[in-house]
Structure formats: structure tokens, C-alpha cells
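Observations on the model geometry
What follows is the residue order along each chain.
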Amino acid sequence: MPELPEVETVVRALRPVLEGRRLARVVARRPDLRWPLPQGLGQRLTGATVLGVARRAKYGLIATDRGETLLFHLGMSGRLRLDAPGDGAHDHVLFETGEGRRIVFTDPRRFGMLDLWPSDRLGEHRLLAALGAEPLGADLRPLLARAFAGRVAPVKALLLDQRILAGVGNIYACEALWRARVRPDRLAGALKPAEIARLAAAIPAVLDAAIAAGGSSLRDHVQPDGTLGMFQHSWAVYGRQGEACPKGHPVERLIQSGRSSFLCPRCQR
DNA sequence: ATGCACTCCTGAACGC
DNA sequence: TGCGTTCAGGAGTGCA
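Residues numbered from 1 in each chain as written. Chains lettered and ligands numbered in written order. Predicted model: local features only at pLDDT ≥ 70, side-chain atom pairs only at ≥ 80, totals over all residues. Heavy atoms only, no water.

**A few points about the overall build of chain A**
Across its full length, chain A carries six helices and ten strands. Its C-alpha radius of gyration of 19 Å places chain A within 12% of the 18 Å reference for a compact globule of 269 residues. For chain A, the spread of C-alpha atoms along the three principal axes comes to 55 × 35 × 30 Å. In chain A, the proportion of contacts linking residues at least 24 apart, taken out of those at least 6 apart, comes to 64%. Surface exposure of chain A reaches about 11900 Å², of which carbon and sulfur atoms provide 51%. (Helix = DSSP H or I, 4+ residues; strand = E, 2+ residues; numbered from the N terminus. Rg over C-alpha atoms; globule rule 2.2 N^0.38 Å. Contact = heavy atoms within 4.5 Å. Areas by Shrake-Rupley, 256 points an atom, 1.4 Å probe, with all protein chains shown as cover.)

So, in C-alpha cells, the structure goes:
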């Protein structure tokens, strides 16, 4: 599910529940997700007070007063649900606050991860160290121009490369390319400055719109309070093969390195 | 360095 | 109804 807008939606929902609150009970119901859970997870977090909840790329970051930060990644099917029972087959980790709120980490496919890491050395975590720029809040044009120069790979492959831009996934890469009127299979190094500029504007625009809509709900994403994201109703091309793009032309699908890309060949060149 | 295929796991959707 | 096949929003790893 979760790309940057979905993780941002989750982080914003967790903030009022967790910030400044004490974790009264943390229970791991299995030893691993994608990787083994950190040693003594429950013990290390129980009794800690949450200082802040933030996001880096597609990672959620929960800082505690014990000098450690809990990182989480939702993988493809991960969800964090508020006040769910937490006894389902795929409910893997439970967090309970002193106020009696319960946060349940659910992940059927178990591609997600959780880790604890010293807060003052967070940037050294192996999964965070190589991440590229956040796509919101900065001017992406010079960054993309530098990253695309001389590259033979399709532009969509580079948009998905988290070392360049951190947080864009398959859905929003397709959507941003449509807004920028650039085909996903164009070679990155061959993009003209005007096309790079359009892409640099389209990426934050589509991410901001998705955040405002509460993310996209496909199979798995819901906001922690259970309400559905609505941005899937605003998709121009993603998942809409054979339907009309917003300009009325048929959307096509192509496979790039084993993953679906959706595009409008009339709008995108 | 660069590009790409494969892999982890489960569930939903589709075809017969 | 039931079974098999295909596909899915991520991303690390290892290969050419």
C-alpha cells in the first residue's frame, strides 16, 4: 500500500494519540516481520514516553525519552489501526498508551519492518542512510536534473529509486508522469529541461493532493481511525487501463522491469 | 557504477 | 462451488 502520502496520513493520525504519552504496554506477537523484530522490543518500549512522531520517506519514526526511536515501514500490506482488538492472525505488534488507546500493527504479507535505533544516530541506520531527498518542501528541479543527467534508465525507474527521491512509489510515479506529460519509458537522460521542470512540479503536487485526500485506499490502506483514503478516486491513470484519462483518451498499461506502468500515450510523450 | 530479475508472504480477483 | 493462475502499493540482494 503505502507510499509517502499514506505514511504521512498514518503519522498525522498517530501524533495526537502518542505524543507526550507513555507506552503502558508493547507486545510483539511474533518474532519477525520482514526481518527479526528488535531484541526486547516490549521491554525497551514499555514505560517510555513518546517525544514525537515523524516521517522520513516511507518510514514512520517514533522518538522516545529513552534515546531510542522506533522506525516502522508498512511494506506492501502493513496497516496501523487505532483501538482495534489486535487478536487477528496478522496483528503482529500492539502498543497501548497510558490512556488506554491501542495501536495495532497489522501486516498480512509481512513485508513491513520495525526497528529501534539510537535517536541521535538515526541517520546512520542502514535503511535510512542512503535515502535521497524528501519530495516535499524543496525545489526538485535541480535535483532531478542532476540525477537524470547521463542516465540510460527509464525515468520511472529513477523516480522509484529511493536513493534519488525518497517516498515516491508506483502509484504516484505514474500519476506524476501523467501530470508532467512524460511517458514512463522515456530515458531519463534524454528529458528536456522543460520536461524535468514539469516533473519537478508534478511530484509534490500529486503527493500534496493525495495527503489532503487521506491517501489512496487500494486493498490495504486505511487511516488509523478506519476511515478510507479517497485519493484513488482521483487517479488519472493508475489502475485505469482501458478507461479514459482526464483528457478523454484511453489509458494503457505497460510492464517495466516487471511492474505495471499506466500511461496515456496521447497526453504523454 | 548501472540496470534488472528475483525474492520474501498472503489474499483478492479472475478464468475455467 | 471449487480449483488453479495471476497480480499487488516495497525494496534488499545478487547477478550480468
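Right, picking up where we left off after that structure.
**Observations regarding helix α3 (residues 140–148)**
The set of residues buried in α3 consists of Leu 140, Leu 144, Ala 147 and Phe 148. The arc enclosing the buried residues of α3, seen along the axis, measures out at 90°, which places them on a common side. Elements in contact with the buried residues of α3: α4 (155–159) and α6 (193–212). Directly beyond the C-terminal end of α3, a positive phi value near 80° is found at Gly 150. (Buried < 20%, exposed > 50% of the residue type's maximum accessible area, 1.4 Å probe, protein only. Arc of directions from axis to C-beta.)

**Digging into the protein's contact with DNA strand B**
Around DNA strand B, the surrounding shell consists of His 90, Pro 108, Arg 109, Arg 110, Phe 111, Arg 151, Val 152, Ala 153, Pro 154 and Ser 257. Expressed as a percentage, the sugar and phosphate content of the atoms of DNA strand B within 4 Å of the protein is 66%. A distance of 2.6 Å separates a phosphate oxygen of DNA strand B from a polar side-chain atom of His 90. Taking Arg 151, its side chain carries an N or O atom lying 2.3 Å from a phosphate oxygen of DNA strand B. Along the lines of polarity and charge, the residues of the surface near DNA strand B split into five nonpolar, two polar and three charged. (Near = heavy atom within 4 Å. Polar contact = N/O pair within 3.5 Å; in protein donor to acceptor, adjacent residues only side chain to side chain. Nonpolar A, V, L, I, M, F, W, Y, C, P; charged D, E, K, R; others polar.)

**Comments concerning the domain arrangement of chain A**
Examined at the domain level, chain A breaks down into domain 1 (4–124) and domain 2 (141–263). If you look at the interface, domain 1 gives 17 residues, while domain 2 gives 18 residues. For the pairing of domain 1 and domain 2, the buried interface totals around 1500 Å² over both sides, and the portion due to carbon and sulfur atoms is 67%. For domain 1, the biggest contributors to the area lost against domain 2 are Pro 5, Glu 6 and Thr 9; these three give 33% of the whole. At the junction of domain 1 with domain 2, the criterion picks out zero salt bridges. Here domain 1 is connected to domain 2 by five residue pairs in polar contact (both at pLDDT 80 or more). For the side of domain 1 that touches domain 2, the secondary-structure elements that each account for two or more residues are α1 (4–18) and β5 (79–82). Examining the composition of the side of domain 1 that touches domain 2, we find that eight residues originate from one element, α1, more than from any other. Class assignment of the residues belonging to the side of domain 1 that touches domain 2 gives a composition of eight nonpolar, two polar and seven charged. (Domains from an automatic or database assignment. Buried area = accessible area lost by both parts, 1.4 Å probe. Salt bridge = Lys/Arg side-chain N within 4 Å of Asp/Glu carboxyl O.)

**A few points about the pairing of strand β4 (residues 68–73)**
Taking burial as the measure, the six residues of β4 include six buried ones, the bulk of the element. The alternating pattern of β4 places Glu 68, Leu 70 and Phe 72 on one face and Thr 69, Leu 71 and His 73 on the opposite face, and all of these are buried. By the bridge criterion, five bridges tie strand β3 (residues 59–64) to β4 in an arrangement that is antiparallel. Bridge assignment links Leu 61 to a residue of β4, and that residue is Leu 71. Here β3 folds back onto β4, and the loop between the two strands holds three residues, one of which, Gly 67, carries a positive phi near 80°. In the sheet, β4 pairs with strand β8 (residues 113–118) via six bridges, with the strands oriented antiparallel. Looking across to β8, one finds that Leu 71 is bridged to Asp 115. (Pairing = 2+ DSSP bridges.)

**Some thoughts on the sheet that holds β4**
Adjacent strands of a sheet form backbone hydrogen bonds with each other and so pair up, either parallel or antiparallel. Strand order in this open sheet of four strands is β2-β3-β4-β8, and the pairing throughout is antiparallel. Of all the strands in the sheet, just β2 (50–56) and β8 have a single pairing partner and so form its edges. Along the sheet, successive strands turn relative to each other by an average axial angle of 20°, direction set aside. (Axes fitted to C-alpha atoms, helices over the stretch in contact; angles between N-to-C directions.)

**Brief notes about the sheet that holds β5**
Spatially, β1-β6-β7-β5 is the arrangement adopted by the four strands of the open sheet, whose pairing is antiparallel. Edge positions in the sheet fall to β1 (23–28) and β5, since each of these pairs with one other strand and no more. When strand polarity is set aside, the average angle formed by the axes of neighbouring strands in this sheet is 15°. For strand β6 (residues 91–97) and strand β7 (residues 102–106), the ladder comprises five bridges, and the chain directions are antiparallel. Paired with Glu 96 across the two strands is Arg 102, which belongs to β7.

**Describing the side chain of Thr 69**
Topologically, Thr 69 is positioned in strand β4. Among the polar contacts made by the side chain of Thr 69, one reaches the side chain of Ser 119 at a distance of 2.7 Å. With residues near it in sequence (within four places) discarded, Thr 69 still touches Leu 61, Ile 62, Ala 63, Asp 115, Leu 116, Trp 117, Ser 119 and Leu 122.

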